[in-house]
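So the chains spell out like this:
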Amino acid sequence: MSQDRLPVRDLEDDLAAAFRENSRLILEAPTGSGKSTQVPQILLEQGFCREGEVVILQPRRLAARMLASRVARERGVALGDEVGYQIRFDRKASARTRIRFVTEGILLRQIMDTPGLPGVAAILFDEFHERHLFGDLTLARAVQVQEERRPDLKLAVMSATLDRTAIEAYLSPCRTLRSEGRTYPVETGYLLPSAKPHQHPPWELAARELDRLVREGTEGDALVFMPGAYEIQRTLRAIEGCGSLKSFAAFPLYGDLPPNAQDAALAPCDRRKIVVATNVAETSLTIDGIRIVVDSGLARTARFDPHRGINTLLVEKISRASADQRTGRAGRTAPGHCLRLWTQDDHLHRPAAELPEIKRLDLAETVLTLKNSGIDNLETFPWVEAPEPVALERAQRLLRELGALEAGSGRLTETGRAMAAFPVHPRYSRMLIAAREYGCVPEIALIAALTQTRDLLERRVGERTEARRDDRLGEETESDFFAQIRAWNHAAKHRFSVDECREVGVHAGVARQTAQVYRHFLGIARNTDPDTKEHRAPSEAVRRCLLLGFSDQVARRAARGTAQYEMVHGRRGALARDSVVRDAPLLVASEVREVQTGGRGSEVAVRLGLATAVAESWLEELFPGDCRTERVVRFDPSTRRVVGEEQRFFRDLVLHTKPVEEPPLEEAAFLLADEVLAGRCPLKHWDYAVEQWIARLNRLAAWMPELELPPIAPDDRKALIEQIVYGARGYKEIKDRPVLPTVKGWLAPEQEALLDHYAPQTVALPRGRKVKIVYSESEPPVLSARVQDLYDLEENIRIADGRVELLVHVLAPNQRPVQITSDIAEFWKTSYPSIKKQLQGRYPKHEWR
DNA sequence: GAGCACTGC
């Protein structure tokens, strides 16, 4: 096969020379330079592979396979002979292989298992700018290996765009070479500030601007980038409404789309076409014939918040590098156009590149992998870019909790070593270890496998599919995993038949991949424990294992009939809508994720997914040291009384509460509650509060000896109580005071009526919570309400930034989030004078209109 | 009135 000489071939001699002088190299070469296919061949031709193979790291499986077969074809050899590839569950390579394309996880495992890398002469890190976690780790480890025992090992970092100064410093001493690309020019435009892009939803802007480009005569097919499936659907609808675009064929394209729908978007089309896509089209998939790119500049980005220990998936602005990558999609076959739906000024304020994964993902698996290969000191490990200390600390804490690391030394335990054999998040490997004792290894292996692939169950299926699901799979309420297991078993029974899977809304391809991972996990488990049998374990055993893996994500339902749950570590969230676990007072969530809600994504909420119902007795059984009972004094806003309670805790989570008949030391309880509620004593536990009081009074006695306060011994509660109860403020006065005044008394009767009218049908909270109603002085005035969780006595009314805020105590009968958007102009007219009058007294300095 | 980008062992 004849072919044009690729630009990177011009560097042939430089490359060889650089590698003879130096063991490290940076190659900056854009799309179309031929670096992925030619550089390995150059090394082979120049004699670098006499001692071993050249390994090329690829971020994607498909790319590894395609590149391998292209190079094999160019060299006229059979795939798997001189040229091969290796990805998970698929290897076409042999002892004769000299050029091997691999994915990142494969090489990471290899370098961790056999650090000397026998038989490897060179490693090329392709597409390194994507900065995947495994790629980063592999490079760092390779550099370490090269320095410690393999000075002959050649390393090259290849990329289209790189933050070169940083990587040069990291690899120093190293040579840097640059090559030309082979793409067509793309004319790139921005919106003008007068277009006010942030005031319009991206789908409107995209349809409008695409319409304009087409009317102006721009040629070729169009690719529109949107952050997710929802925005894609809106864009398609908006395009339908555009006159000039009527003759186009429009397709959605995103990862969760069934394969045939994806193929439809990629296939040639007899009309001009518009593909509306997510980030899949930025790197993973190429669409022929694209000459117009319209970019919303947005993407959903996954992060792990190490402070709260939850994953987030929120719409964010993409970086400049990512925008350039998207732009390049318009110039692959001919000169093209790109329109960015943001202003040039906005562009300049965007980050140069995406944050590397190591800076934004959960590092538990990373830390376990490193520790397992004898890297104990994570601070001296040569990170390409060091992770956040808090993220490392969070990862180590989880590993300690799972029993993988020793509490004091931080060294790997026996359990930890066994866990590291499983290529999966340590939570699941811990469960796989526990499953041996519980006799449910197959179930846990399947559960772990299910989390490693895309979602097995199609989301938002119609009623008929739902009915067939119920009919053929049976009903499941104990765990979302059990529902998935049923679905997978059903698919397996029908040999992953696409038709049967479609009937019940199961992705057949996903089910098939899950089967491979499942068998792999089962194999590893059998290696270490040959007695592992396949049988049906009781549901309880499996659920106990899940509890072991996710004990820090135990959640208790806030109230009957709500989807709101309180979690360990003071977190809270709402159970996923499609969860089968209904009515469970106690559950463990295997997925905790913050997502955007509301039309413009203005609000965020934590969703608890992959839920499993658990029993309270299991907590006592598995974590006896984390369960305890405490006596608590609490203010009950619905009765406005302080009550004494006995609370049962799992760590910091209250499992249930039992009223104590006569609150102990009731008088003091009132006082303490008052202190707590007024925010002067931010405590809720009785004993702790008393201790605080003792400390405070002792301090006071030391500072102000003239008061002649007698010192109080820590156990002298009686003396303390007396001081509090008969102290200067007076017990009676506090006891009789209405602790939580509502704003109602301050309003005119008609205003009260209006509040009454709105509140019962609009407010979103369990009984007794407060709602914050905000009156804005904008034109027209806006009245909106939002949840206020704090019982804030002082802040019933206040002014901030020209807005008047009232806190209103409302009892809410339903659970729905609320936005009051009724016509309130009239209400404002009548109520403002009265509110103003109230406020003038309180805030004399404010200027009132 | 609503919930979900992309990979990899």
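Above this note sits the structure.
Numbering of residues starts from 1 in every chain and runs along the sequence as written. Each chain is given a letter, starting from A, and each ligand a number, starting from 1, according to the order in which they appear as written. This being a predicted model, a pLDDT of at least 70 is required before a residue's local features are given, and a value of 80 or more before pairs of side-chain atoms are given or counted; all residues contribute to the totals for chains, interfaces and linings. Processing note: side-chain calculations cover all non-hydrogen atoms of the structure and skip hydrogens and water entirely.

1. Things to note about the overall build of chain A
For clarity, the threshold we go by: The numbering of helices and of strands both runs from the N terminus, where a helix is a DSSP run of H or I of at least 4 residues and a strand a run of E of at least 2. Throughout, exposure labels follow a simple rule: accessible area from a 1.4 Å probe, protein chains only, divided by the maximum for the residue type, with under 20% read as buried, over 50% as exposed, and the rest as partly exposed. Contacts: residue pairs with any heavy atoms within 4.5 Å of one another. The Shrake-Rupley method, run with a 1.4 Å probe, gives the accessible areas here. Residue values count only the displayed protein chains as cover.
Of regular secondary structure, chain A possesses 29 helices and 28 strands. When burial is assessed residue by residue, chain A has 52% of its 849 residues classed as buried. Relative to all contacts within chain A whose residues are 6 or more apart in sequence, the contacts with residues 24 or more apart total 69%. For chain A, the exposed area adds up to about 41000 Å²; of that, 49% sits on carbon and sulfur atoms.

2. Some thoughts on the sheet that holds strand S13 (residues 290-295)
For clarity, the cut-off: Each pair of strands is called paired provided DSSP finds at least two bridges between the two strands. Interaxial angles span 0 to 180 degrees and are taken between N-to-C directions of axes, which are lines fitted to C-alpha atoms, for helices over the stretch in contact.
Strands sit in the order S9-S16-S13-S10-S12-S11 across an open sheet of six strands; the sheet is parallel. The two strands at the open ends of the sheet, each matched to only one other strand, are strand S9 (186-191) and strand S11 (249-253). Neighbour to neighbour, the strand axes of the sheet diverge by 15° on average, direction disregarded. Two elements, strand S10 (residues 221-225) and S13, share five bridges in a ladder whose sense is parallel. Considered in S13, the bridge of Asp221 is made with Ile290. Contacts from helix H7 (residues 202-215) reach S9, S10, strand S12 (273-277), S13 and strand S16 (336-343) within the one sheet, and its direction differs from that of S16 by about 145°.

3. Some words on the packing of aromatic side chains
Heads up, the condition is: The pairing test for Phe, Tyr and Trp rings, Trp by its six-membered ring, is centres within 6.5 Å, and the orientation test on the planes gives stacked under 30 degrees, edge-to-face over 60, and tilted for anything in between. Placement of a positive charge over a ring is assigned whenever Lys NZ or Arg CZ falls within 6 Å of the ring centre and within 35 degrees of the normal to the ring plane.
Going through the model one piece at a time under the given rule, you end up with 10 aromatic pairs. Aromatic pair Trp488 and Phe496: ring centres 6.1 Å apart, planes at 55°, arrangement tilted. For Phe496, a relative accessible area of 14% corresponds to the buried category. An aromatic cluster of three or more residues is present, and its members are Trp488, Phe496 and Tyr518. The side chain of Arg350 reaches across the aromatic face of Trp342, ending 4.2 Å from its centre. When the ring centre of Phe649 is taken as origin, the NZ or CZ atom of Arg628, which lies over that ring, is 4.5 Å away.

4. Topic: the packing of helix H17 (residues 441-452) against helix H21 (residues 508-528)
For the record, the criterion: Any angle between 65 and 115 degrees counts as roughly perpendicular, while under 35 counts as roughly parallel, over 145 as roughly antiparallel, and the rest as oblique. Handedness of a crossing follows from how the near helix is turned relative to the far one, being left-handed for an anticlockwise turn of less than a right angle and right-handed for a clockwise one.
Contact pair H17 / H21: the axes reach a minimum separation of 8 Å and the direction vectors enclose 135°. Taken together, the axis directions place H17 and H21 in an arrangement best described as oblique. Here the hand of the crossing between H17 and H21 comes out right-handed. For the pair formed by H17 and H21, the contact residues are Val441, Pro442, Ala445, Leu446, Ala448, Ala449, Leu450 and Gln452 on the first element and Thr514, Val517, Tyr518, Phe521, Leu522 and Ala525 on the second.

5. Some details on the protein's contact with DNA strand B
Keep this limit in mind: Only heavy atoms are used to decide nearness, and a residue is near a molecule or strand if one of them lies within 4 Å of it. Side-chain atoms alone can form a polar contact between residues adjacent in sequence; in general such a contact is a pair of N or O atoms within 3.5 Å, and within protein one must be able to donate a hydrogen while the other accepts it.
In the vicinity of DNA strand B there are 35 residues, among which Arg61, Tyr230, Gly255, Ala576 and Arg577 approach most closely. In the environment of DNA strand B, a phosphate oxygen lies 3.4 Å from a nitrogen or oxygen atom belonging to the backbone of Ala229. Within the backbone of Arg577, a nitrogen or oxygen atom sits 2.4 Å from a base oxygen of DNA strand B.

6. Quick look at a negative patch on the surface
Selection rule: To count toward a patch, a residue needs a relative accessible area over 30% and no salt bridge; like charges are then connected within 9 Å, while nonpolar side chains (Val, Leu, Ile, Met, Phe, Trp, Tyr) are connected within 5 Å. Salt bridges are identified by distance alone: a Lys or Arg side-chain nitrogen within 4 Å of an Asp or Glu carboxyl oxygen. Residues counted as positive are Lys and Arg, residues counted as negative are Asp and Glu, and His and the chain ends are not counted. Every charge is mapped to an atom, namely NZ of Lys, CZ of Arg, CG of Asp or CD of Glu.
A surface patch of negative charge is lined by Glu463, Glu466, Asp470, Asp471 and Glu475. Checked against the element boundaries, Asp471 lands in helix H18 (residues 463-473). Accessibility expressed as a relative area gives 65% for Asp471, which makes it exposed.

7. Here we look at the environment of Ala420
Inspection of the secondary structure puts Ala420 in helix H15 (residues 414-420). Sequence spacing of Ala420 and Lys371 is 49 residues, and the spatial spacing of their C-alpha atoms is 9.1 Å. When near neighbours in sequence (up to four residues on either side) are disregarded, Ala420 contacts Arg109, Leu368 and Asn372.

8. Description of the pairing of strand S14 (residues 298-305)
Pairing geometry for S14 and strand S15 (residues 310-317), over eight bridges, is antiparallel. Residue Asp305 lies in a different strand from S15, and its bridge partner there is Ile310. Linking S14 back to S15 in an antiparallel pair, the connection comprises four residues, with Gly309 at a positive phi of about 70°.

9. Some details on the packing of helix H5 (residues 133-148) against helix H6 (residues 164-171)
Cut-off, in case you're wondering: Amino acids are sorted into nonpolar (Ala, Val, Leu, Ile, Met, Phe, Trp, Tyr, Cys and Pro), charged (Asp, Glu, Lys and Arg) and polar (every other residue, Gly among them).
At a minimum axis separation of 11 Å, H5 and H6 run at an interaxial angle of 30°. By the angle between their axes, H5 is roughly parallel relative to H6. Residue-level contacts link Leu139, Ala140 and Val143 of H5 to Ile167, Tyr170 and Leu171 of H6. Across the contact of H5 with H6, the residue classes tally to six nonpolar, no polar and no charged.

10. Quick word on the pattern of salt bridges
Counted according to the given criterion, the structure contains 48 salt bridges. The residue Asp126 makes a salt bridge to Lys35 at a minimum N-O spacing of 3.9 Å. Placement of Asp126 in the loop between strand S6 (120-125) and H5 and of Lys35 in helix H2 (residues 35-45) is noted, with a sequence separation of 91 residues between them. Each member of the pair, Asp126 as well as Lys35, carries the same accessibility label: buried.

Shape is all these values report; function is a separate question.
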